[in-house]
Structures are given as structure tokens and as C-alpha cells.
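A look at the structure
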Amino acid sequence: MIFYTDYSLEGSNTFNIKVKASVFYEVAYRSDLDTLLRKRKFMEMPRLVLGNGSNVLFTKNFRGVVLKNEMKGIQVLKEDEDYAVVKAASGEDFDEFIAYCTKKRFFGTENLSGIPGTVGGAVVQNVGAYGQELKNLIQSVEYYDFDDGDLHTVKCEECNFGYRDSIFKNELKDKTFVTSVTFRLPKRYEPIVGYGTLQDRLADYNVLTPMIVRKAVLQIRYEKIPDYRKLGNAGSFFKNPDLTAAAAEKLGKEHPEVKMFEQPDGSFKIPAGQLIDLCGFKRTPDPTVGVAYTNALILVNIGGAKGKDVLAFAKKIKKTVKERFGIKLEPEVVII
């Protein structure tokens, strides 16, 4: 088990914020977690599990223990004509896992292509894109419990998955370390291409394959999301708000310029990036922080921003959107 003290996290977060962790552990095996559990002085410190740092904003130095997830491995547990059951270690790169599944002709993950981070982080967040959510593909999740030092397995329905939410962000927050995820992936392909942007991109294809869909999703993402190595960001900073039918009707009368998308349950989803754009934030960046010109939902580190600068800009956006549209934006990024 490798650990460091007073460790720089600048290269471990995609906002490229210059902060440090008091202690930094690299966790590759269950035994590493057992070792940590025996170190009382570290167990009494705040803990943070970190994948690729693609969905966090550090606002100051982390006075605790950062657990860098380095658990690796993918295993096909079972396969028949209809489904494949695949177990992936939580530290596997999420997009590389999708590439593996697509190549093996295990379907369902292709709409999630290009989402940065690890398998474990994707599950905690219940990532979703272009009409697909990860919860639809999960069979079970294995996690290490810091209270008893044992591994536990929970079925998908026990994970309380919601929109960018799960039990690991709530009841089990800071108490567990997700070690692996078991997926049940279909082998008979049924494309999910009803999402507007993706539907338009694939309109000229008579026959769709998972690889075609994956390439289209990757192309869209690369066009909309800046390379964090050149312009620090954590992808979508806010969740897209949901409104009841009555609230959506009221908003439509007061602000006919706002586009809304009806959901199967009768609610309406509002693109947060659209609201931010209508408030003029593409034209009025702060000195070190702004929004991406390709997608106002993405906050970017223009250069030399501190975490508190990004947070202040996010609060400014929230306040402006609330005053103009009466809608409260919620962050998707985890603020540390």
C-alpha cells in the first residue's frame, strides 16, 4: 500500500485546482483497506474516495485522507444467448470499460460513452446520457464497510438510484468504498436513440450498431465538452431541473423562450445550460472562471482559478437563474 503526506491534488482533479491532501493513499486491493482500518489516527480523519477526480470541486486543501481508487480487473461471470453478466473493479476507467463491452458485443453502455471517471464513481453518481442511465444495467454493487471491515453486496434495487443519486451519496456516504460492480448486459441490440441531439446525428443511418452509436456519442461529447487538460472543467456542473406539469405550464407562459422536454411520468425536464445561457453568462465570464461557449452547463477554469472562485461563480449563476426563472439549480459536481 502506497501513501503520501501533504500530497498535491492538482493532477488528480479535472478542474486543475491547486490543493493538497494531508494524506493520500493508493488503494489497489481489499487488503489496502484493511490496513487503513487498522491505522486509528487515519480512520479518525475525514475520508474522501477519489476516482479520476472528474466530478469534484476542491475549494481548499483537504485536511484528511484521500483514497485514490486503483482497483482493476474485468471478468465475465456468465453468458448466454440473451445476456452477459460482467464484473468490473471500481477503479477501472469507465469509458475503457464501455469500449470493452462494445467490442465484446455486450450492449447497453454505448450511450454513456465518453463520460470521464471510474466505474465506481459512475455508479455512485448513477451517470446518465442520451436516454440511458447506468442503473438500468446494474445487477449488484459490492462495497467495503469501514465500520465492520467486511465486504457487502447490495442488489440494484437496494441502491436507491435516482437522478445523479444513489445510496452511496446519502446513507452510505463516507462510510464505504465501492470495490466492484456487476452488470447484466443484453446481447440483443435495441438502440436507444430518442434523445434529440443523438437522433439528429444518426438520422442518415439505415441500420444502427452499438459501435456507430458509441462513435456518434463520443463525437457529440468532444464537440461540446472542452478538454480539461487545456481548460479545466468537470463536465456538467448542475443537474437539469425537473418541473411538474403545472410549474412547466406557468414557466412557459412567463418565459416562452425556454425549451422544455416532457418525461414519461408527465414531468418536464429543463436544460440547465439553456437557462444559464439565457442569463448571459457566456458573454460575462469572471476573470478566472466562465462557462464553455459550446455548453453553458460546463463551468471552466479559464486560468489560475481557485476552487473558491469557481464556487463563487456557481453561486452567482444559481442566484441569477433563480431570480429570473424561479428555478433553483442543484450542483451535480461534488463540492469538497
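Residues numbered from 1 in each chain as written. Predicted model: local features only at pLDDT ≥ 70, side-chain atom pairs only at ≥ 80, totals over all residues. Heavy atoms only, no water.

**Observations concerning the sheet that holds strand E5 (residues 62-69)**
If you walk across this open sheet you meet the 4 strands as E1-E2-E5-E3, and the pairing is mixed. The open sheet has two free edges, formed respectively by strand E1 (2-8) and strand E3 (47-50), since each of these has just one partner strand. Looking at each pair of strands side by side, their axes are set apart by 25° on average, direction ignored. Here E3 runs beside E5; their pairing, made up of 4 bridges, is parallel. When the sheet's bridge partners are listed, Arg-47 is paired in E5 with Val-65. Along the sheet face, helix H1 (residues 30-38) touches strand E2 (20-27) and E5 and points at about 135° away from the line of E2. (Pairing = 2+ DSSP bridges. Helix = DSSP H or I, 4+ residues; strand = E, 2+ residues; numbered from the N terminus. Axes fitted to C-alpha atoms, helices over the stretch in contact; angles between N-to-C directions. Contact = heavy atoms within 4.5 Å.)

**Things to note about the nonpolar core**
If you look at the biggest cluster of nonpolar residues, it comprises 43 residues, and the most contacted ones within it are Phe-237, Phe-238, Ile-276, Leu-299, Val-310 and Ile-317. Per element, the largest residue contribution to this core is 7 residues, and it comes from helix H9 (residues 307-325). Formed by 38 residues, the second largest nonpolar core is a distinct cluster that contains Phe-106, Ala-122, Tyr-143 and Cys-159. (Core = buried A, V, L, I, M, F, W, Y, C linked by side-chain atoms within 4.5 Å. Buried < 20%, exposed > 50% of the residue type's maximum accessible area, 1.4 Å probe, protein only.)

**Points about the side chain of Lys-68**
If you trace the backbone, Lys-68 turns up in strand E5. Engagement of the side chain of Lys-68 in a polar contact is seen with the backbone oxygen of Gly-51, the distance being 3.1 Å. Filtering out sequence-adjacent residues up to four positions away, Lys-68 remains in contact with Phe-24, Tyr-25, Glu-26, Val-27, Leu-50, Gly-51 and Asn-52. (Polar contact = N/O pair within 3.5 Å; in protein donor to acceptor, adjacent residues only side chain to side chain.)

**Considerations on the side chain of Glu-133**
With respect to the secondary-structure elements, Glu-133 resides in strand E9 (residues 132-133). A polar contact is formed between the side chain of Glu-133 and the side chain of Asn-126, at a distance of 3.5 Å. Setting aside its immediate chain neighbours within four residues, Glu-133 contacts Asn-126, Val-127, Gly-128, Gly-162, Tyr-163 and Arg-164.

**So, the pairing of strand E11 (residues 151-155)**
Of the pairings in the sheet, the one linking strand E10 (residues 138-145) to E11 comprises 5 bridges and is antiparallel in character. Residue pairing across strands places Tyr-143 opposite His-152, the latter belonging to E11. Where E10 hands over to E11, the hairpin turn is made up of 5 residues, of which Gly-149 adopts a positive phi near 70°.

**What about the packing of aromatic side chains?**
For the structure on display, the rule yields 14 aromatic pairs. Seen from their ring centres, Tyr-144 and Phe-146 are 5.5 Å apart, and the 75° between their planes marks the pair as edge-to-face. For Tyr-144, a relative accessible area of 0% puts it in the buried group. Ring pairs connect the aromatic residues Phe-3, Tyr-25 and Phe-42, which therefore count as one cluster. Here the basic side chain of Arg-47 rests over the ring of Phe-146, its NZ or CZ set 4.3 Å away from the ring centre. Positioned over the ring face of Tyr-163 is Lys-269, at 4.0 Å from the centre of the ring. (Phe/Tyr/Trp six-rings, centres within 6.5 Å; stacked < 30°, edge-to-face > 60°. Lys NZ or Arg CZ within 6 Å of the ring centre and 35° of its normal.)

**Quick look at the sheet that holds strand E14 (residues 242-243)**
Adjacent strands of a sheet pair through backbone hydrogen bonds, lying either parallel or antiparallel. Taken in spatial order, the 3 strands of this open sheet run E14-E16-E15, and their pairing is antiparallel. Two strands close off the open sheet at either side, each with one partner strand: E14 and strand E15 (261-262). Inspection of the sheet shows E14 paired to strand E16 (residues 268-269) by 2 bridges, in the antiparallel sense. Its bridge partner being in E16, Leu-243 is matched across the sheet by Phe-268.

**Observations regarding the layout of surface pockets**
Here the second largest pocket defines a volume of roughly 240 Å³. Taken together, the residues of the lining of the second largest pocket sort by class into 6 nonpolar, 4 polar and 5 charged. (1 Å grid on protein atoms, 1.4 Å probe; cavity = no way out; pocket = protein on both sides within 12 Å on 5 of 7 lines; lining within 4 Å. Points joined across faces, edges and corners; volume = space filled by probe spheres on them. Nonpolar A, V, L, I, M, F, W, Y, C, P; charged D, E, K, R; others polar.)

**Examining helix H3 (residues 94-103)**
All of the buried residues along H3 are Phe-94, Asp-95, Phe-97, Ile-98, Cys-101 and Thr-102. One side of H3 holds all its buried residues, which, seen down the axis, span an arc of 155°. Exposed side of H3, more than 90 degrees from the buried face: Glu-96 and Lys-103 are the residues found there. On its buried face, H3 sits against strand E6 (74-79), strand E7 (83-89), helix H4 (119-125), strand E12 (176-186) and helix H6 (210-224). Among the residues of H3, the N-terminal cap falls to Asp-93, whose side-chain oxygen and the backbone nitrogen of Asp-95 are separated by 3.2 Å. In the stretch just after H3, Arg-105 is the one whose phi turns positive, near 65°. (Arc of directions from axis to C-beta.)

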